Amino acid sequence: TNEGKIIEFQDGNHCGLHPKNTDFSTEGRLFLTATQIDEDGFLSSSECKRLPESFCKRLRIGFAQAKDVLFSHNAVVGRVSVLPIDFPNCIVGTSITYYRLNENELNRFYFSYLLRSNFIKKQYELEMDQTTRKQFSILKQAKLKIPLPPLPEQQQIASILSNIDTQIQKEKLHKSNLERLKKGLMQKLLTGQIRVKV
């Protein structure tokens with residue numbers, strides 16, 4: 001059982017407490033939605049709207065904080081991100097569940113990889129096949145079966161996968177640099193700006 005390993009998990013405010021466009025401000029807490037998490041788990045906080053503290057005081061739920069694991073469960077299902085240790089307190093919308101973990105039992109990076117794994121994907125895709133809506137509600141998330149090796153093993157698994165992720169990012173950067181170089185060269189070669197000796 002996962003008793004005591006997950007301290008809290010919750011999505012955002014529905015119905016009347018869900019913020020409208022007029023509620024947002026230039027200052028206040030960041031408001032996170034599924035669209036700000038990309039496929040690689042990067043959160044573009046610069047694209048987040050902000051909610052003033054006066055509005056946040058009215059909210060009942062959805063208060064996420066540093067080190068929480070985010071899981072998108074509505075519209076875009078299955079995107080996962082871990083909030084950095086210096087991330088400010090924020091609010092999640094109805095499309096995100098935040099998981100707050102007992103770090104002595106469950107490593108947040110291990111858990112984030114787990115949520116992205118086929119083992120978990122198969123579970124929620126099976127559930128979503130039974131409904132027309134593209135969502136995996138918080139009640140259904142509570143029924144997910146989660147494999148939990150001892151903490152040192154979790155940390156080791158997360159470390160191995162994280163190293164591979166770093167390598168992938170380096171390769172992606174290298175690829176985009178090569179593509180940019182090729183584009184520039186094509187322009188110059190095909191228009192005769194650079195002549196090739198034959």
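What you are looking at is a predicted structure, and each value in this text was computed from that prediction instead of being measured. (Residues numbered from 1 in each chain as written. Predicted model: local features only at pLDDT ≥ 70, side-chain atom pairs only at ≥ 80, totals over all residues. Heavy atoms only, no water.)

Caption draft 1: Main features of the overall build of the chain. Along the backbone of the chain there are 5 helices and 8 strands. The helix and strand sequence of the chain, counted from the amino end, reads β-β-β-α-β-β-β-β-β-α-α-α-α. Taken over C-alpha atoms, the radius of gyration comes to 21 Å for the chain, far larger than the 16 Å a tight globule of 198 residues would show. Every one of the 198 residues in the chain was classed for burial, and the buried ones make up 37%. If you take every contact in the chain between residues at least 6 apart in sequence, the share linking residues at least 24 apart comes to 72%. Across the chain, the centroid of the 29 positively charged side chains sits 7 Å from that of the 21 negatively charged ones. (Helix = DSSP H or I, 4+ residues; strand = E, 2+ residues; numbered from the N terminus. Rg over C-alpha atoms; globule rule 2.2 N^0.38 Å. Buried < 20%, exposed > 50% of the residue type's maximum accessible area, 1.4 Å probe, protein only. Contact = heavy atoms within 4.5 Å. Lys, Arg positive; Asp, Glu negative; His and termini not counted. Charge placed at Lys NZ, Arg CZ, Asp CG, Glu CD.)

Caption draft 2: Representation of helix α5 (residues 151–190). The end-to-end C-alpha separation of α5 is 58 Å, in line with the 58 Å expected for 40 residues at 1.5 Å each. Residue G192 follows α5 closely and has a positive phi angle near 80 degrees. (Expected span 1.5 Å × (residues − 1).)

Caption draft 3: Focus on the environment of V92. Mapped onto the secondary structure, V92 falls in strand β7 (residues 90–92). Distance in space between the C-alpha atoms of V92 and Q65 is 9.8 Å, their sequence separation being 27 residues.

Caption draft 4: Spatial organisation of the sheet that holds strand β4 (residues 63–64). Spatially, β3-β2-β7-β4 is the arrangement adopted by the 4 strands of the open sheet, whose pairing is mixed. Two strands in the sheet have a free side with no partner beyond their single neighbour: β3 (49–51) and β4. Of the strand pairs in this sheet, strand β2 (residues 29–32) and β3 are connected by 3 bridges, and their pairing is antiparallel. By the bridge assignment, L30 is partnered in β3 with R50. (Pairing = 2+ DSSP bridges.)

Caption draft 5: Looking closely at the packing of helix α2 (residues 108–116) against α5. Relative to each other, α2 and α5 sit at 65 degrees, their axes nearing to 8 Å. Comparing their axes, α5 and α2 come out roughly perpendicular. Viewed along their axes, α2 and α5 form a crossing whose handedness is left-handed. Packed against α2, whose contacting residues are F109, Y110 and Y113, the element α5 presents Q154, I157, A158, L161, S162 and D165 at the interface. Partitioning the contact of α2 with α5 into residue classes produces 6 nonpolar, 2 polar and 1 charged. (Axes fitted to C-alpha atoms, helices over the stretch in contact; angles between N-to-C directions. Parallel < 35°, antiparallel > 145°, perpendicular 65-115°, else oblique. Left-handed = near helix turned anticlockwise from the far one by under 90°. Nonpolar A, V, L, I, M, F, W, Y, C, P; charged D, E, K, R; others polar.)

Caption draft 6: Focus on the sheet that holds strand β1 (residues 6–10). Pairing is antiparallel in the open sheet, where 4 strands are placed in the order β1-β8-β5-β6. Each edge of the open sheet is held by one strand with a lone partner, namely β1 and β6 (76–82). Each adjacent strand pair in this sheet contributes to an overall mean axis angle of 15 degrees, direction not counted.

Caption draft 7: Broad picture of the nonpolar core. Counting residues in hydrophobic clusters, the biggest one holds 19 residues, and the most contacted among them are V69, F111 and L115. Secondary-structure elements contributing two or more residues to this core are β5 (69–74), β6, β8 (96–101), α2 and α3 (118–129). Per-element tally for this core: the top contributor is α2, with 4 residues. In contact with L115, other than residues within four places in its own chain, are V69, F71, V80, Y99, I120 and Y124. With 14 residues, the next largest nonpolar core counts A66, F87, C90 and I96 among its residues. (Core = buried A, V, L, I, M, F, W, Y, C linked by side-chain atoms within 4.5 Å.)

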